[in-house]
Amino acid sequence: MRKIKIGFADFYDGFDPEHYFITELLSTHFDVEITDDPDYLFYSVFGDTHLRYDCIRIFYTGENQVPDFNLCDYAIGFDRMDFGDRYFRLPIHYLYTEDTLAMERRHLSPDSEFLNREGFCSFVYSNNRASAERNRFFDMLSAYRPVASGGRFRNNIGGPVADKAAFQRQYRFCIAFENSSYPGYTTEKLVQAFAAGAIPIYWGDPEVERVFNGAAFINCHRYASFEEVVEEVKRLDADSDAMLRMLHESALADPSCSLAEVMGRLEDFLVAIVSQPLDSAKRYNRVYWGERYQVQERRKARAYSHTVRGLMESLYKKTLWKVRRNNRFFWFIDRLFKRR
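Because the structure is predicted, anything quoted here is derived from the model rather than measured.

Draft legend 1. Structural context of the packing of helix α7 (residues 226-237) against helix α8 (residues 240-247). For the pair α7 and α8, the least separation of the axes is 6 Å and the interaxial angle reads 105°. By the angle between their directions, the pair α7 and α8 is classed as roughly perpendicular. Here α7 contributes Arg235, Leu236 and Asp237 to the contact with α8, which in turn contributes Ser240, Ala242, Met243 and Met246. Taken together, the residues of the contact of α7 with α8 sort by class into four nonpolar, one polar and two charged.

In structure tokens, the structure reads:
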């Protein structure tokens, strides 16, 4: 088995390269060594360390960010686009394997499981930095019937829930709004609502029905206003038969977008990159204007890291961010000052 050297940079806090999906896929074909001196660097959006590496760079994002192909040879992201052999579309919800598989089986669940639910609608978010549409819809639907908020943000049940999936399974509807609206940007929000056996109320990707079956959920992008969406929720809430018909619909509109199909194509994409000789795998321009662009980006990153904002951001990531993410004390402070 051929040995390859790979590295990872600028991923999220707590990232585990040994058990990451990229490592696991490549390990079925190659003897993978994870090193700080890689031939293939996988990098994400949480820093600029990748600019220091002179090797094959492969960008990956789970955030709403477009790849810069002047900096990477290949990319894996959300956008629906064709860029030769340099790009693969992989929405982050495919990494939530158990949720995706549960979503694909949702239409097979017994009616009684859904009809016995006593809760109306769930809402589970901890991030308070999102488009205003999410908060506005939460307030509008709550004016009809109280919506149970189980995250740290807008919590109204006495504290954050420990098990999001178990919480969502108590409710017939689920608000599944992305943090922002952008074509192709579909995260785990919709998939987890499907997996919980609820009827998702979705907003985010205006092209979401290219993958998901519009008859299986409430797609806000089909309606002229949120007022119309609330009226549709009211109609369904009063009609058990209509809700069950929606639940019997398959979540996916396109069978080629199943977990097995997409991950198989991703594996082929990665193997094709690594199977080439290193020089043949290079794609972005590394001379003249390409080199100037690299130098310019390194200078910008270095200059920003020495600004007050850059230094404070670095300190926050290394200390306060970890504490805030894992400490209920900050949830209490948010509630005390009624952060919105």
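Draft legend 2. Looking closely at unusual backbone geometry. At Asp10, a residue that is not glycine, the phi angle is positive and equals roughly 65°. As for its placement among the helices and strands, Asp10 is situated in the loop between β1 (3-9) and α1 (21-27). One non-glycine residue with positive phi stands out, namely Tyr288, at about 50°. Here Tyr288 shows up in the loop between α10 (278-281) and α11 (289-305). You can call Tyr288 exposed: its relative accessible area is 55%.

Draft legend 3. Representation of the pairing of strand β10 (residues 199-203) within the structure. Buried residues dominate β10, accounting for five of its five residues. Sheet topology note: the strand β9 (residues 171-177)/β10 ladder contains five bridges and is parallel. Looking across to β10, one finds that Ala176 is bridged to Tyr202. Pairing between β10 and strand β11 (residues 218-219): two bridges, direction parallel. Pairing of Ile201 across the sheet is with Ile218, part of β11.

What counts and how
- Residues numbered from 1 in each chain as written.
- Predicted model: local features only at pLDDT ≥ 70, side-chain atom pairs only at ≥ 80, totals over all residues.
- Heavy atoms only, no water.
- Axes fitted to C-alpha atoms, helices over the stretch in contact; angles between N-to-C directions.
- Helix = DSSP H or I, 4+ residues; strand = E, 2+ residues; numbered from the N terminus.
- Parallel < 35°, antiparallel > 145°, perpendicular 65-115°, else oblique.
- Contact = heavy atoms within 4.5 Å.
- Nonpolar A, V, L, I, M, F, W, Y, C, P; charged D, E, K, R; others polar.
- Buried < 20%, exposed > 50% of the residue type's maximum accessible area, 1.4 Å probe, protein only.
- Pairing = 2+ DSSP bridges.

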